[in-house]
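Each chain is listed here by its residues.
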Amino acid sequence: MTRNVKRRDFLAGSVALGGAAAVDGFSFASAAQIEVPVVDKLSVRVLIDSTHNLFLRPATVNGASVLPTTVSAGFPNVIHTQWGLSLWLESQRGNESRTLMLDYGYTPDVLINNMGIMGVDVKKIDALIVSHGHFDHYGGLMGFLDKYRSALPTDLKLYAGGEDNFCHRLIGAPGQLTDFGTLDRRALAAQKVTTVLCENPTVIAGHAFTTGQIKRAGIEKVLPNTMVEYGIKEGLGCDATQYTHFTAAELRGKTVPDEHTHEHATCFNVKDRGLVVITSCGHVGILNTIRQAQEVSGVERLHALVGGFHLGPATPDYTDQVVTELKTFAPDVVVPMHCSGQTFVDSVQKIMPDRLLLASAAARLNFGA
């Protein structure tokens, strides 16, 4: 693949289409209507997932394929797994290619180990994306930047769904909450990374687009997971005062259930195939996410739903209900990872078995010509 557009030119295009305006190392995506780009093909390499199928075999489902990665290093090097997700996204339109990195797993050592074994080239990265403010999706980010920042674009941007990516989160049973981390904007600024808040749909690098905040409707509900604290203490945390969806209790800094208002999905419109919707956890619902992607893009056809669907803790009856409605969207293929859960896989095998494609860490998914 070759590049025939200067990096500065396409970044300017990203600003024009996504409407981002930088302010002191921080940017906000505008509410302007986006023009969704079309790509010829998309490759998704799974840098981190909760499983690794050493015996993964090539498979094709309705035009989408999965391949095992040819490991570039032998014994004692091995692909590591952990609770988390990290995806390497390579798209192409004609001779124009883009590389985006979506999420960073739980720890930098696993991320860096797997990147080395899989042979990805960090110098190709055009932009970074974080799906939401859970540690298993951003935990490896700062260590990744510590190691590779000098090889990345000088004007590097991190596209995040909203201000509450930076809130302090806690996890555990009531009365037994423990720290679940805080994404530190000061550390990002120190690495000269500009954060773009994509509360509105945003085009990234002229190839991908984000959903913006996802509307909630229908049968789906946010399943219990984390608690969140709003407010900034000694420069760490999130500023909730500018958002009307926070209650007075939240604005006083009370610990409340996390509603994931900031979680967004990353999407591609693949020529002659339709949308590839990547929902890293899907806390606000995979059906809601698909509807949002269709609405902001104007593209109805769903080629693939990929990623974590956060149905691991769901009951079989609820999962069957979600998959039954998912079938009405007529996806060509569904690729569950991370937090999707065996119950979801069982439901798909029962309700729409001809649409299921399984992947794991070190797999490579291909969409398009």
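Keep in mind the model is a prediction, meaning the values are calculated, not measured.

Cut-off values and rules
- Residues numbered from 1 in each chain as written.
- Predicted model: local features only at pLDDT ≥ 70, side-chain atom pairs only at ≥ 80, totals over all residues.
- Heavy atoms only, no water.
- Buried < 20%, exposed > 50% of the residue type's maximum accessible area, 1.4 Å probe, protein only.
- Helix = DSSP H or I, 4+ residues; strand = E, 2+ residues; numbered from the N terminus.
- Arc of directions from axis to C-beta.
- Contact = heavy atoms within 4.5 Å.
- Expected span 1.5 Å × (residues − 1).
- Polar contact = N/O pair within 3.5 Å; in protein donor to acceptor, adjacent residues only side chain to side chain.
- Pairing = 2+ DSSP bridges.
- Axes fitted to C-alpha atoms, helices over the stretch in contact; angles between N-to-C directions.
- Parallel < 35°, antiparallel > 145°, perpendicular 65-115°, else oblique.
- Nonpolar A, V, L, I, M, F, W, Y, C, P; charged D, E, K, R; others polar.
- Core = buried A, V, L, I, M, F, W, Y, C linked by side-chain atoms within 4.5 Å.
- Disulfide = S-S within 2.5 Å.

Undergrad: For this particular structure, what's the right way to read helix α9 (residues 342–351)?
TA: Of the residues making up α9, those classed as buried are Phe344, Val345, Ser347, Val348 and Ile351. Seen from one end, α9 has its buried residues packed into an arc of 160°, which puts them on one side. Exposed and facing more than 90 degrees away from the buried side of α9 are Gln342 and Lys350. Lining the buried residues of α9 we find α7 (286–297), α8 (316–327) and β22 (333–337).

Undergrad: Explain α7 here, please?
TA: A turn of α-helix holds 3.6 residues, and therefore any two residues three or four places apart point the same way. Its twelve residues place the ends of α7 16 Å apart at the C-alpha level, agreeing with the 16 Å of an ideal helix rising 1.5 Å per residue. Of all twelve residues in α7, ten are buried, a share of seventy percent or more. The set of residues buried in α7 consists of Ile286, Leu287, Asn288, Thr289, Ile290, Gln292, Ala293, Gln294, Val296 and Ser297. Positive backbone phi, at 75°, marks Gly298, one or two positions downstream of α7.

Undergrad: It is not clear to me how the side chain of His207 should be interpreted in this structure. Could you clarify?
TA: Locating His207 in the fold gives a position in the loop between β13 (202–204) and β14 (208–210). Owing to a relative accessible area of 0%, His207 belongs among the buried residues under this scheme. Side-chain polar atoms of His207 contact the side chain of Ser91, separated by 2.7 Å.

Undergrad: Honestly, unusual backbone geometry in this entry has me stumped. Any pointers?
TA: Glycine aside, residues mostly have negative phi, and peptide bonds are mostly found in the trans state. Its identity as a non-glycine residue notwithstanding, His260 has a phi of 55°, on the positive side. Relative to the elements of secondary structure, His260 occurs in the loop between β18 (256–257) and β19 (266–270). With a phi close to 80°, Ala362 is a non-glycine residue in the positive phi region. Mapped onto the elements of the fold, Ala362 is located in the loop between α9 and β23 (363–368). Note on Ala362: relative accessible area 7%, which makes it buried.

Undergrad: Even after reading the chapter, I still don't get the pairing of strand β12 (residues 194–197), so can you show me in this structure?
TA: Within a regular strand, the side chains alternate between the two sheet faces. Burial of the side chains of β12 extends over both faces: Thr194 and Val196 are buried on one face and Thr195 and Leu197 on the other. Bridging between strand β9 (residues 157–160) and β12 involves four bridges; their strand directions are parallel. If you follow Ala160 over to β12, its bridge partner there is Leu197.

Undergrad: Just checking my understanding: could you explain the packing of α7 against α8 for this structure?
TA: Packed helices, taken two at a time, are described by the angle their axes make and the gap between the axes. Here α7 crosses α8 at 25°, and the two axes come no closer than 10 Å. The orientation of α7 relative to α8 falls into the category roughly parallel. On the side of α7, the interface is formed by Ile286, Leu287, Ile290 and Arg291, while α8 contributes Val322, Glu325 and Leu326. Tallied by class, the residues present in the contact of α7 with α8 amount to five nonpolar, no polar and two charged.

Undergrad: Even after reading the chapter, I still don't get the environment of Cys198, so can you show me in this structure?
TA: Inspection of the secondary structure puts Cys198 in the loop between β12 and β13. Note on Cys198: relative accessible area 0%, which makes it buried. Between the C-alpha atom of Cys198 and that of Gly162, which follows or precedes it by 36 residues, the distance is 6.0 Å.

Undergrad: Could you clarify how one ought to interpret the sheet that holds β18 in this entry?
TA: Two strands in a sheet stick together by hydrogen bonds in their backbones, pointing the same way (parallel) or opposite ways (antiparallel). Within the open sheet, the four strands sit side by side as β11-β10-β15-β18. Their pairing is antiparallel. A strand with exactly one partner marks an edge of an open sheet, and here the two such strands are β11 (178–179) and β18. In the sheet, strand β10 (residues 168–171) pairs with strand β15 (residues 226–229) via four bridges, with the strands oriented antiparallel. Within β15, the residue paired with His168 across the bridge is Glu229.

Undergrad: Looking at this model, I keep getting lost on the nonpolar core. Mind explaining?
TA: Grouped burial of nonpolar side chains is what soluble globular proteins tend to show. Ranked by internal contacts, the top residues of the largest apolar core, which has 39 residues, are Met101, Met115, Leu128, Leu141, Phe144 and Leu145. Sorting the residues of this core by element identifies β3 (41–48), α2 (108–118), β8 (127–130), α4 (141–148) and β9 as the ones contributing at least two each. In this structure Met115 touches Leu47, Trp88, Met101, Val120, Val122, Phe144 and Tyr148, once residues within four positions along its chain are discounted. One finds Val44, Leu87, Ala208 and Met337 within the second-largest nonpolar core, a separate group that totals 35 residues.

Undergrad: Would you take a moment to explain the state of the cysteines for this structure?
TA: Simply put, the disulfide is a covalent bond whose two ends are the sulfur atoms of two cysteines. Applying the stated criterion across every chain, the model contains one disulfide. Here Cys167 engages in a disulfide with Cys238; their sulfurs sit 2.0 Å apart. Between Cys167 and Cys238, the S-S dihedral sits near 95°, and the bridge is therefore right-handed. Of this pair, Cys167 sits in the loop between β9 and β10 while Cys238 is found in strand β17 (residues 236–238), placing the two residues 71 residues apart along the sequence. In terms of burial, Cys167 and Cys238 fall into one category: buried. For Cys281, which is in no disulfide, the shortest distance to another cysteine sulfur is to Cys339 and amounts to 3.5 Å. Residue class for Cys281 comes out buried when judged on its relative accessible area of 2%.

Undergrad: Looking at this structure, I do not really get the pairing of β9. What am I missing?
TA: Residue alternation in β9 divides its side chains into two sets, Lys157 and Tyr159 and Leu158 and Ala160, and both sets are buried. Where β8 and β9 come together, three bridges link them in parallel fashion. In the strand pairing of β9, Ile129 is matched with Tyr159.

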